[in-house]
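Residue strings, one per chain:
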Amino acid sequence: MVAATQVEQTTWYRCEKCGLVLATKLDAEQHEEWCAGDLPSYCW
Ligand SMILES: [Zn+2]
């Protein structure tokens, strides 16, 4: 699931499968739909 994190009045959304942090909840939810659970190949 997506975990919301507050950093200096900005909310970030972290994928709990791979740890990737996204700026919007929509991005995070879309990412999670095709997240494999491991570190993604597109991730640096
Ligand atoms: Zn992920």
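This text goes with the structure placed above it.
As a starting point, this report considers the structure included with it.

Procedures and definitions
Residues numbered from 1 in each chain as written. Predicted model: local features only at pLDDT ≥ 70, side-chain atom pairs only at ≥ 80, totals over all residues. Helix = DSSP H or I, 4+ residues; strand = E, 2+ residues; numbered from the N terminus. Contact = placed C-beta atoms within 7 Å. Pairing = 2+ DSSP bridges. Axes fitted to C-alpha atoms, helices over the stretch in contact; angles between N-to-C directions. Buried ≥ 20, exposed ≤ 12 C-beta atoms within 10 Å, placed from the backbone.

### Describing the overall build of the chain
- A count of helices and strands for the chain gives one helix and three strands.
- Reading the secondary structure of the chain in the N-to-C direction produces β-β-β-α.
- Across the chain, every contact between residues at least 6 apart in sequence was considered, and the portion connecting residues at least 24 apart equals 10%.

### Overview of the sheet that holds strand β2 (residues 10-15)
- Taking strand neighbours across the sheet as the criterion, the three strands line up as β1-β2-β3 in an open arrangement whose pairing is antiparallel. Each edge of the sheet is formed by a strand with only one pairing partner; in this case those strands are β1 (2-7) and β3 (21-22).
- Pairing analysis gives six bridges linking β1 to β2, with the strands arranged antiparallel. The residue bridging Val2 from the neighbouring strand is Cys15, located in β2.
- Across the sheet, helix α1 (residues 25-33) is in contact with β1, β2 and β3; its angle to β2 comes to roughly 5°.

### Some details on the pairing of β2
- Between β1 and β2, which follow one another and run antiparallel, lie two residues, and Glu8 among them has a positive phi close to 50°.
- Pairing of β2 with β3 involves two bridges; the strand directions are antiparallel. The residue of β3 that forms the bridge with Tyr13 is Leu22.

### Re the environment of Ala36
- Tracing the backbone through its elements, the reader meets Ala36 in the segment after α1.
- A residue is classified by how many C-beta atoms lie within 10 Å of it, and Ala36, with 9 of them, is exposed.
- A C-alpha to C-alpha distance of 7.7 Å links Ala36 and Lys17, two positions 19 residues apart in sequence.

Shape descriptors only; they carry no functional weight alone.
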